Structures are given as structure tokens and as C-alpha cells.
Amino acid sequence: MPSDAATIEELLQPLRDDPKHSAVLLDVDGVLAPIVAQPDDAHMPETTRRPLIEVAKRYGTVACVSGRRASDARRIVSLGTIAYLGSHGSEVLLPGSIAPVLDGELMAWTQRVQAFAHDAFGEKLRRLRVRLEDKEAIAALHWRGVPDEDDALAAIEDVAEAAEKAGFVTHWGRKVLEIRPPVRIDKGAGLVGLLGETDLAAAVYVGDDVTDLDAFRGLSELQERGRLGYAVRVGVRSDETPVALEEEADTLVDGPEGVRGLLRALLL
Ligand SMILES: O=P(O)(O)OC[C@H]1O[C@H](O[C@H]2O[C@H](CO)[C@@H](O)[C@H](O)[C@H]2O)[C@H](O)[C@@H](O)[C@@H]1O
């Protein structure tokens, strides 16, 4: 992160100068929706929804980019006029669409991923109160808030090792292990797919986790391709902030409250 960090208002000025040719790109969990123990309980507060509705009216492109299924991200954000990139950029749900466009290569793995996950999710993980999230081609094991997080993590590390041996790819997020197919899943590639044919003056991406680093790099790729002028990468600080996110972000804001402030700053 640059040491002579400008204020968020200053960093967002190029977007405010040309909102119709600017993109506002937002992660969901830990950014718009505060982190909670049960993924199904996540929601975006009304105090965030109000400025987001105004941002969606003013800016040319507004999209949520989530590790969740695109439809799940839209359920949480509950705004039909913006785009959703789900499953870490692999699914595209355009504004007003009923169903997402899915990545065929990824979806072809659903049965194999789910079979592995259900076998792995045995008596031991259940006793430790680990939760299994079914995202079709991706399976997620969550241990946030279980009675013994250390024991749960140790058991999940064993599952990760077995998953890698079985040919899957594992990815660690905020108190979650994802078991993924060995195909490219990348928020940056998703963004380049969504915006690669659009000429943008400026864009901001806001994220809180390792998977968001790919989105930061996606902005750089759009710049290198000459499709995007100015880019600002915003990290969302928490007690779980990955070091790499702090290093690669242009600036940091504090939690979903800080994101709300950023949305309001886009409307100044
Ligand atoms: O890319 P995101 O929109 O940030 O999605 C990342 C993961 O978010 C969810 O898990 C995280 O949030 C949960 C609810 O606050 C929390 O309980 C969990 O510990 C976090 O890892 C979601 O369940 C995952 O599928 C997403 O990949």
C-alpha cells in the first residue's frame, strides 16, 4: 500500500468525474455483508443498501463479485439492476436476468466434487460441528464459531490434503476451505470477461480476502489492454486481513462500515 496514502475521497475523484464511464466492483461477504457465523444468515444492512441503490443509478457499471453462487449473492444484496459474478467469477448474472450463465467446464465437475465432499464430511467433522456448504462445483467447509476451532481446522487440513491427492484444488478463505475442480477459477478472469469489451475511464474494486487479489490483478489486466484508464484497489480491514491484501491494496477501509463510507463518498 502506498505510504503517502491519499484520502478515499481523493482516490475516488476520477470515478466521480465520469460516473457513466466508471465501474464500481464490490465483493459481498465481509464487504457489503458483515461476517457472521452462519453463511445463510449473512445480509447487507439497509444502511448500505440505500447508498448502493444510488451508486447503481449514477455509475455506468456496478457489479458484485463473490465466492458464492451468483444467485446467492443477489439474494443477499437484493438489487436486480446490477451484475453479479458468482463462484469467484465463473458465473455471470447480468442485470435483470433470471438465470446466470455458467462456466460449462466448471459445472461438469459438480458430481465429482460433491461426491468427494460428502464422503469427507463424515462423523468426525460433524462431531466438530464443521458445516458443509454446497456450491455445486465447489464445496466449502466452514469452521467459524464451532466449539473448538483449532480441532476443526486440524481435521479440515486432513481433508485438504486428501482433496489435493484426489486431484482437486484447495483454497483457503476466511475460516473456510474450498474444494474446487482443477480448472481456472479467478475473480480477475471473471472481471476481464465482463468488462473486456468496455472502455472505462475509471474503476474501483473493493475486497477483503485472498480471492480478491485476483480481482485487483484483473483491473491491471484491463489497464494493460487499454480498456481501463484509472484503477483503485481497496482492501477491507478486519481482524483476519491477509497480509498480501494489505500489501496490494492502494488503500484500506475499516470493515463493512468503511465500505458504506466509500459508497457515500462515490455520491458526493
Ligand atoms: O467473495 P465473497 O463474497 O467474500 O465470498 C467469500 C465466501 O463468503 C462466505 O463465507 C464467508 O462469510 C460467511 C458469512 O459471513 C462466514 O461465516 C465465513 O466464515 C466466511 O468464509 C460464503 O459462505 C463462501 O461460500 C464464500 O466463498
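This structure is a prediction, so every number in the text was calculated from the model and none was measured.

Now for the overall build of the protein. Within the protein, the secondary structure is distributed over 11 helices and 11 strands. Here the C-alpha radius of gyration of the protein, 18 Å, is about what a compact globule of 268 residues would show, namely 18 Å. Once the C-alpha set of the protein is aligned to its principal axes, its extents read approximately 55 × 35 × 35 Å. Across the 268 residues in the protein, those meeting the buried criterion constitute 45%. Restricting to contacts in the protein with at least 6 residues of sequence separation, those with at least 24 account for 63%.

It is worth spelling out the site of the ligand at this point. Every one of the 23 residues lining the ligand counts as a neighbour, but V28, D29, P39, S66 and G67 are closest to it. Of the residues belonging to the shell around the ligand, the class tally is eight nonpolar, six polar and nine charged. Here the shell around the ligand gathers at least three residues from each of two domains, domain 1 (8-102 + 186-266) and domain 2 (105-180).

Under the 1.5 Å per step criterion, the end-to-end length of helix 11 (residues 255-266) is 17 Å for 12 residues, consistent within 8% with the ideal 16 Å. Taken as a whole, helix 11 has its buried residues at P256, V259, R260, L262, L263 and L266. Burial along helix 11 is one-sided: seen end-on, the buried residues are contained in an arc of 160 degrees. Contacts from the buried residues of helix 11 go to helix 1 (8-17), strand 1 (22-26), helix 2 (46-58), strand 9 (200-207), strand 10 (228-237) and strand 11 (251-254).

The four strands are arranged 5-6-8-7 in an open sheet whose pairing can be described as antiparallel. With one partner strand each, in any of the chains shown, strand 5 (131-135) and strand 7 (169-173) form the two edges of the open sheet. Sheet twist, expressed as the average angle between the axes of neighbouring strands with direction ignored, equals 20 degrees. Here five bridges tie strand 7 to strand 8 (residues 176-180), and the two strands are oriented antiparallel to one another. The partner of W172 across the bridge, within strand 8, is L177. Together, strand 5, strand 6 (138-142) and strand 8 form the strand contacts of helix 5 (residues 110-120), whose direction differs from that of strand 6 by roughly 25 degrees.

The mixed open sheet is built from seven strands, whose spatial order is 4-3-2-1-9-10-11. The open sheet has two edge strands with one neighbour each: strand 4 (91-93) and strand 11. Going from strand to strand, the sheet's axes swing by 20 degrees on average, the running direction of each strand aside. Bridge count between strand 1 and strand 9: five bridges; the pairing is parallel.

This part covers the packing of helix 8 (residues 187-195) against helix 9 (residues 211-224). Where helix 8 meets helix 9, the closest approach of the two axes is 6 Å, and the angle between their N-to-C directions is 40 degrees. Relative to helix 9, helix 8 is oriented oblique. Considering the relative orientation of helix 8 and helix 9, their crossing is right-handed. Mapping the contact onto sequence places K187, G188, A189, L191, V192 and L195 in helix 8 and T211, D212, D214, A215, R217, G218, E221 and L222 in helix 9. Residues that form the contact of helix 8 with helix 9 fall into these classes: six nonpolar, three polar and five charged.

What follows is about the confidence of the model for the protein. In low-pLDDT segments, the atomic positions of the prediction should not be examined closely. Considering every residue of the protein, the mean pLDDT works out to 96; 98% of them sit at 70 or more. Both confidence scores are given for the complex: pTM 0.95, ipTM 0.98.

The next thing to look at is unusual backbone geometry. Located in the positive-phi region is S78, a residue other than glycine, with phi close to 60 degrees. By the secondary structure assignment, S78 is in the loop between helix 3 (70-77) and strand 3 (83-86). Within the chain, S87 stands out as a residue other than glycine whose phi angle is a positive 45 degrees. In this structure, S87 sits in the loop between strand 3 and strand 4.

Here is what the cut-offs are and how they apply
Residues numbered from 1 in each chain as written. Predicted model: local features only at pLDDT ≥ 70, side-chain atom pairs only at ≥ 80, totals over all residues. Helix = DSSP H or I, 4+ residues; strand = E, 2+ residues; numbered from the N terminus. Rg over C-alpha atoms; globule rule 2.2 N^0.38 Å. Buried ≥ 20, exposed ≤ 12 C-beta atoms within 10 Å, placed from the backbone. Contact = placed C-beta atoms within 7 Å. Near = placed C-beta within 6 Å. Nonpolar A, V, L, I, M, F, W, Y, C, P; charged D, E, K, R; others polar. Domains from an automatic or database assignment. Expected span 1.5 Å × (residues − 1). Arc of directions from axis to C-beta. Pairing = 2+ DSSP bridges. Axes fitted to C-alpha atoms, helices over the stretch in contact; angles between N-to-C directions. Parallel < 35°, antiparallel > 145°, perpendicular 65-115°, else oblique. Left-handed = near helix turned anticlockwise from the far one by under 90°. pLDDT = per-residue confidence, 0-100.

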